[in-house]
Amino acid sequence: MYLILNPALRQANHGRFEQCFASGFTLGPRLFLKQLPSQENPCAFIDQGFFVWKSAVEQAFGVRTELSQELLRFRESSLWREGYLVADEFVPSDICMKLRALLYHPEETRTSFPIHSLLGDEDDASFFDDFIEDLLCSWSRRYLPYGIRLIPWRIYAYQTKSEDQNLSMRWHYDLDQPDHSLFLMLNLNTPSGEFCDFGTFFLDASQSMLLSSRTGYISTPLTHRVKNINEINYGGRPLSTDLIRSKCGSVVAFQPGRVLHRGVNNPGGVRQSLHISASIVQDCDVPLLGSGSAPSKIPTITEIVQAVRGEEFFITPSPYFQQSC
Ligand SMILES: [Fe+2]
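The text that follows walks through the structure, step by step, so that each part is easy to find. All values derive from a computational prediction rather than experimental measurement.

1. Quick notes on the overall build of the chain
Item 1. Across its full length, the chain holds ten helices and eleven strands.
Item 2. In the chain, which comprises 325 residues, the proportion classed as buried is 34%.
Item 3. Excluding contacts between residues fewer than 6 apart, the proportion of contacts in the chain whose partners are at least 24 apart in sequence is 86%.

Take a look at the structure:
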């Protein structure tokens, strides 16, 4: 029932697959997405199987260079090995309180929204820029090896209520995200309520890979997503999942294209959090700003955050397409 890797479907979409990459990416010395992947992005429909999916970009363009020492060192880190990492009490509660006041107005009803529209006041905007710069720098210093940095490309505030049930509450990969995408979720509050259980379930990277390669479960099509992962384990070795509960000040980092995960929001409470989507790149990788040519220097995080706030650019650097540096 959950056999997803249908060879006929795969064959039928082969042309579309190549077209999609040809039209969706700009090919230069390195590869860049022309636009932010969306729910409708046909990439998510490419039914080539887990391993083929992971190397889809390489297949389409066939230009692979060696991983650098920096990226190899990153692959030895616990973040890469597990695919997720939790830093409790990373941000003091008074700062979280200030961010909550800045981002959520009592009449705010949206579940998620880009933060730039809320920061009309210059002082608030500069407080926010400094905060993000500080957060990303201190987090990177602690958890990323020397020579590796984060390039943020989307910053959203979330306000999740227990009624919000959607497909994120079922086990999935974010299939439009390459291996070196990293999501950072900063919990701005600790949801409370009588039966309150808010957070994210993870299956670590090696279990996810083994499960997907053994069963073909890659969480697409969307209607095949399961809530109970044992339904697709087919009598394999018991899986060890990890529920990370939302706690004020904690930062949960994970690689959404590498680890199966699902949200949990059982009755009671509201979860407020800041989501930063980023790419893990080498110091020497130069991001492309706008549609113009590459800048002559590496932008600072503040410059990038400001560009993200203004929705001026998005990048998805791929470590497989490096310039020699
Ligand atoms: Fe997800």
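2. Some details on unusual backbone geometry
Item 1. A positive phi angle is found at Glu 89, which is not glycine, with a value near 50°.
Item 2. Relative to the helices and strands, Glu 89 is located in the loop between strand E3 (84-87) and helix H7 (93-103).
Item 3. Here Tyr 234, not a glycine, exhibits a phi torsion of approximately 50°, which is positive.
Item 4. Of the residues examined, Tyr 234 has 11 C-beta atoms within 10 Å and is grouped as exposed.

3. Concerning the environment of Asn 187
Item 1. Tracing the backbone shows Asn 187 in strand E6 (residues 181-187).
Item 2. For the pair Asn 187 and Ser 273, spaced 86 residues apart in sequence, the C-alpha separation works out to 4.5 Å.

4. What about the pairing of strand E11 (residues 270-282)?
Item 1. Burial of E11 is extensive: ten of the 13 residues sit out of reach of the surface.
Item 2. For E6 and E11, the ladder comprises seven bridges, and the chain directions are antiparallel. Across the sheet, residue Leu 186 finds its bridge partner in E11, namely Leu 274.

5. Comments concerning the sheet that holds E3
Item 1. One open sheet holds the six strands; their spatial order is E3-E9-E6-E11-E5-E4, and the pairing between them is antiparallel. Of all strands in the sheet, those bounded by a partner on one side alone are E3 and strand E4 (112-114). Going from strand to strand, the sheet's axes swing by 25° on average, the running direction of each strand aside.
Item 2. Helix-sheet contacts for helix H8 (residues 122-143) involve E3, strand E5 (148-161), E6 and strand E9 (251-254), and the interaxial angle to E5 is about 120°.

6. A closer look at helix H9 (residues 205-215)
Item 1. Among the residues making up H9, those that are buried are Ala 205, Gln 207, Ser 208, Leu 211 and Ser 212. For H9, the angular spread of the buried residues around the axis is 165°, confining them to a single face.

7. So, H8
Side chains three or four residues apart in an α-helix point the same way, a direct result of the helix having 3.6 residues per turn.
Item 1. Over its 22 residues, H8 runs 31 Å from end to end, which matches the ideal 32 Å to within 8%, given 1.5 Å per residue.
Item 2. Restricting attention to buried positions, one finds in H8 the residues Phe 128, Ile 132, Leu 135, Leu 136 and Trp 139. Taken end-on, H8 shows its buried residues confined to a sector of 90°, consistent with a single buried face. Exposed and oriented more than 90 degrees from the buried face of H8 are Glu 122, Asp 123, Asp 130, Arg 141 and Arg 142.

8. Points about the sheet that holds strand E7 (residues 197-203)
Backbone hydrogen bonds are what pair the strands of a sheet, in a parallel or an antiparallel way.
Item 1. The sheet built from three strands is open, its strands ordered E8-E7-E10 with antiparallel pairing. Every interior strand has two partners, whereas the edge strands, strand E8 (241-245) and strand E10 (260-266), have only one. Between one strand axis and the next, the sheet turns through 25° on average, direction left out of account.
Item 2. As defined by bridge partners, E7 adjoins E10 across seven bridges and the pair is classed as antiparallel. Paired with Thr 200 across the bridge in E10 is Gly 263.

Parameters and conventions
- Residues numbered from 1 in each chain as written.
- Predicted model: local features only at pLDDT ≥ 70, side-chain atom pairs only at ≥ 80, totals over all residues.
- Helix = DSSP H or I, 4+ residues; strand = E, 2+ residues; numbered from the N terminus.
- Buried ≥ 20, exposed ≤ 12 C-beta atoms within 10 Å, placed from the backbone.
- Contact = placed C-beta atoms within 7 Å.
- Pairing = 2+ DSSP bridges.
- Axes fitted to C-alpha atoms, helices over the stretch in contact; angles between N-to-C directions.
- Arc of directions from axis to C-beta.
- Expected span 1.5 Å × (residues − 1).

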